[in-house]
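Survey of secondary and tertiary structure
So the chains spell out like this:
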Amino acid sequence: DQRLEPLQLRVAVDGQRLAMYREDTGEKLMVSHELAQALRDEVLSRQQAEAQAEQERQRAERAESQVAQLKERLRSLGVSEAELLGIEPEPDEVQ
């Protein structure tokens, strides 16, 4: 093992390659192809999370629309919102 004092790195042989490690944490620094793969993985993960969030947003939007349609249908059948919620209607709301 060799130390690169100014960079605070330790250099060691890793198989047939040289590897660099941070002296403060012992963490191995990635080489360019490892960094590129890590970046691709992160981008893919973020895209999947965004797609899932969009699907959930659309599902919630559809559910809210269905609730509004059902409320309107019940109102058209003469069911008050108080009845829907199980609340006693105010005296002026009694039909």
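Structure: above.
Residues numbered from 1 in each chain as written. Predicted model: local features only at pLDDT ≥ 70, side-chain atom pairs only at ≥ 80, totals over all residues. Heavy atoms only, no water.

Quick notes on the overall build of the protein
Defined as follows: Helix and strand definitions follow DSSP, with helices as H or I runs of at least four residues and strands as E runs of at least two, each counted in order from the N terminus. It is over C-alpha atoms that the radius of gyration is taken, and the globule rule equals 2.2 Å times the number of residues to the power 0.38. In what follows, residue pairs with any heavy atoms lying within 4.5 Å of each other are defined as contacts. The accessible surface values rely on the Shrake-Rupley method and a 1.4 Å probe; as for residues, cover is taken only from the protein chains in view.
Helix and strand counts for the protein come out as 2 helices and 3 strands. Along the protein, helices and strands appear, N-terminal first, in the series β-β-β-α-α. For a compact globule of 95 residues, the expected C-alpha radius of gyration is about 12 Å, and the protein comes in at 31 Å, more than 25% above that figure. C-alpha atoms of the protein, sized along the principal axes, occupy 90 × 25 × 20 Å. In the protein, the share of contacts with a sequence separation of at least 24, taken over all contacts with a separation of at least 6, comes to 0%. For the protein, the accessible surface area stands at approximately 8500 Å², while carbon and sulfur atoms represent 52% of it.

What about the pairing of strand E3 (residues 17-22)?
Formally: One bridge is not enough; two strands pair if DSSP finds at least two bridges between them.
Across 6 bridges, strand E2 (residues 9-14) lies against E3 in antiparallel orientation. The residue of E3 that forms the bridge with alanine 12 is alanine 19.

Brief notes about helix H1 (residues 32-76)
Let me state the cut-off plainly: By definition here, a helix of n residues has an expected span of 1.5 Å times n minus one.
An ideal rise of 1.5 Å per residue puts 66 Å on 45 residues; H1 measures up with 66 Å between its terminal C-alpha atoms. Once H1 finishes, glycine 78 follows within two positions and takes phi at roughly 90°, a positive value.

Describing the pattern of salt bridges
Our working definition: Any Lys or Arg side-chain nitrogen found within 4 Å of a carboxyl oxygen on Asp or Glu counts as a salt bridge. For the exposure calls, accessible area comes from a 1.4 Å probe over protein chains only, and a residue counts as buried if that area is under 20% of its type's maximum, exposed if over 50%, partly exposed in between.
All told, the structure shown has 9 salt bridges when counted by the stated rule. Glutamate 42 is paired through a salt bridge with arginine 46; the nearest N and O atoms lie 3.5 Å apart. Note that glutamate 42 and arginine 46 are positioned in helix H1 at a spacing of 4 residues, about one turn of the helix. Residue classification places glutamate 42 among the partly exposed residues on the basis of a relative accessible area of 41%. The exposure class assigned to arginine 46 is partly exposed, which follows from its relative accessible area of 48%. Across the pair glutamate 61 and arginine 57 runs a salt bridge whose closest N-O atoms are separated by 2.8 Å. With glutamate 61 and arginine 57 both in helix H1, this residue pair falls 4 residues apart, about one helical turn. Sharing partners across several salt bridges, the network here consists of Arg3, Glu5 and Glu23.

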